[in-house]
Amino acid sequence: MSLTIAAITFGIVFLAELPDKTALASLVLGTRYRASYVFAGIAAAFALQVGLALAAGSLLALLPQRWVEGVTGVLFLAGAVMLLWPKGDEDEDGEAKEPSSTNFWKVAGASFLVVAVAEFGDLTQIMTANLAAKYADPLSVGIGAWLALCAVSGIAILGGQKLLQYVPMKVIVRVAAGIMLLMASISLFKAITG
């Protein structure tokens, strides 16, 4: 286990997840139901999503190193474009159906389903797969990614609106995109130069 790789993964995934719809869903669910119940469901969903991303990254790691650098560079570049591309009004329909009660299993289950569906194929899941392939250390990448995802949702649940009072979402998105562009540049440079 490499703390450096876990820390790098944490930083990248944390910044990329901040402007994501999952943070908003966490915030909304956290304001309606007991925070610990919501967090339990969300943390379980993130564990599933990170596991799927690590499996995909392990398959990607079977490619020759130059190919891995090229693929990860292109995917990081695509991620930066996705963050910077202007979005229309996002349709929030059907994102979460309110549980019929405040029972732990219903709230945690609804939270799990909302996040599991919202994160499937999401930018942070793709980034986690890229990082797992790039560093060939799935444990460190998995722990870093899972902690980052849980941290963002925890912050959103406990008061994400406070962050937006001090740091505009545009700044957060631009910082995340800048880091992804840097990672794309490094990976593509390594792919080209061998």
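Conventions used here
Note that residues are indexed from 1 along each chain, following the sequence as it is written. With the structure being a predicted model, the display of local features is reserved for residues of pLDDT at least 70 and the display and counting of side-chain atom pairs for 80 or more, all residues being used for whole-chain, interface and lining totals. As a rule here, side-chain values cover all heavy atoms of the structure and leave hydrogens and water aside. Put simply, DSSP H or I for four residues or longer makes a helix, DSSP E for two residues or longer makes a strand, and each gets a number counted from the N terminus. Only protein chains enter the calculation, and the probe is 1.4 Å; a residue is then buried if its accessible area is under 20% of its type maximum, exposed if over 50%, and partly exposed in between. Accessible areas in this description were obtained via Shrake-Rupley with a 1.4 Å probe; residue shielding takes into account the shown protein chains only. Any pair of residues with heavy atoms lying within 4.5 Å of one another is described as a contacting pair. In a helix, the anticipated span is given by 1.5 Å times the number of residues less one. Among the buried residues, those of types Ala, Val, Leu, Ile, Met, Phe, Trp, Tyr and Cys that are joined through side-chain atoms within 4.5 Å form a nonpolar core. Stacked, tilted and edge-to-face pairs are distinguished by plane angle, under 30 degrees for stacked and over 60 for edge-to-face with tilted covering the rest, among Phe, Tyr and Trp rings (Trp via its six-membered ring) whose centres lie within 6.5 Å. To obtain an axis, a line is fitted to C-alpha atoms, over the contacting stretch when the element is a helix, and the angle between two such axes runs from 0 to 180 degrees between their N-to-C directions. Each angle is binned into one of four classes, with values under 35 degrees roughly parallel, values over 145 roughly antiparallel, values of 65 to 115 roughly perpendicular, and all other values oblique. Left-handed is the label given to a crossing in which the near helix is rotated counterclockwise from the far helix by less than a right angle, and right-handed is the label when the rotation is clockwise. Per-residue confidence from the predictor is reported as pLDDT, which spans 0 to 100.

Novice: Whenever I open this one, the overall build of the protein chain confuses me. Can you help?
Specialist: Of regular secondary structure, the protein chain possesses 8 helices and 0 strands. Secondary structure elements of the protein chain, listed N to C terminal, follow the sequence α-α-α-α-α-α-α-α. Evaluated residue by residue, the protein chain yields a buried proportion of 45% over its 194 residues. Carbon and sulfur atoms make up 70% of the accessible area of the protein chain, which amounts to about 10000 Å² in all.

Novice: Help me out: how do you make sense of the side chain of serine 153 in this one?
Specialist: Checked against the element boundaries, serine 153 lands in helix 7 (residues 138–166). What makes serine 153 buried here is its relative accessible area of 0%. In this view, serine 153 contacts Thr22, Ser26, Ile42 and Phe46; residues no more than four positions away in its chain are not counted.

Novice: In this structure, what is going on with helix 6 (residues 123–135)? I would like to understand it.
Specialist: An α-helical turn contains 3.6 residues, so any two residues separated by three or four positions project in the same direction. Compared with an ideal rise of 1.5 Å per residue, which puts 13 residues at 18 Å, helix 6 spans 18 Å between its outermost C-alpha atoms and is within 8% of the ideal. With 11 of 13 residues buried, helix 6 is to be regarded as a mostly interior element. Regarding helix 6, the residues found buried are Leu123, Thr124, Gln125, Met127, Thr128, Ala129, Asn130, Leu131, Ala132, Ala133 and Lys134. Residue alanine 136 follows helix 6 closely and has a positive phi angle near 50°.

Novice: How do you make sense of the nonpolar core when you look at a structure like this?
Specialist: Note on soluble globular proteins: their nonpolar side chains tend to be buried together. Membership of the largest hydrophobic core comes to 35 residues, with the highest contact counts inside it found for Val38, Ile42, Phe46 and Val141. Listing elements by their share of this core, those giving two or more residues are helix 1 (3–17), helix 2 (21–32), helix 3 (35–60), helix 5 (104–119), helix 6 and helix 7. Not counting residues within four places of it along the chain, the set of residues in contact with valine 38 comprises Leu29, Gly30, Tyr33, Val107, Ser111 and Ile157.

Novice: Just checking my understanding: could you explain the packing of aromatic side chains for this structure?
Specialist: Any pair of aromatic rings gets described here by the distance separating the centres and the angle formed by the planes. One pass over the full model with this rule turns up 3 aromatic pairs. Ring plane angle 15° and centroid distance 5.6 Å describe the contact between phenylalanine 10 and phenylalanine 14, whose orientation is recorded as stacked. Separated by 4 residues within a single helix, phenylalanine 10 and phenylalanine 14 lie in helix 1, roughly one turn from each other. Taken together, a centroid distance of 5.0 Å and an interplanar angle of 90° make the contact between tyrosine 37 and phenylalanine 104 edge-to-face. Note that tyrosine 37 is positioned in helix 3 and phenylalanine 104 in helix 5, a separation of 67 residues in sequence. Members of the aromatic cluster, each reached through a chain of ring pairs, are Tyr37, Phe104 and Trp105.

Novice: Help me understand helix 1, please; the structure alone is not making it clear to me.
Specialist: The terminal C-alpha atoms of helix 1 lie 20 Å apart, and with 15 residues this matches the ideal 21 Å at 1.5 Å per residue to within 8%. Among all positions of helix 1, only Ile5, Ala6, Thr9, Ile12, Val13, Phe14, Leu15, Ala16 and Glu17 are buried.

Novice: Would you mind showing me how to read the packing of helix 1 against helix 6 here?
Specialist: Between two packed helices, the angle of one axis relative to the other and the distance separating the axes together describe the packing. Put simply, helix 1 and helix 6 touch, their axes get as near as 10 Å, and they point 160° apart. The angle between helix 1 and helix 6 places the two elements in the roughly antiparallel class. Here helix 1 runs over helix 6; the crossing is right-handed. Judged by residue contacts, Ile5, Ile8, Thr9, Ile12, Val13, Ala16 and Glu17 of helix 1 engage Leu123, Thr124, Met127, Thr128, Leu131 and Tyr135 from helix 6.

Novice: For this particular structure, what's the right way to read the confidence of the model for the protein chain?
Specialist: Close inspection of predicted coordinates is inappropriate in any region flagged by low pLDDT. Looking at the protein chain as a whole, its pLDDT mean stands at 77, while 75% of the residues score no less than 70. Taking the mean pLDDT of every element in the protein chain, the minimum, 70, falls on helix 4 (residues 65–84) and the maximum, 90, on helix 1. Segment residues 89–100 is flagged for pLDDT under 50; beyond a separation of four residues in sequence, or across chains, it makes 14 contacts in the model.

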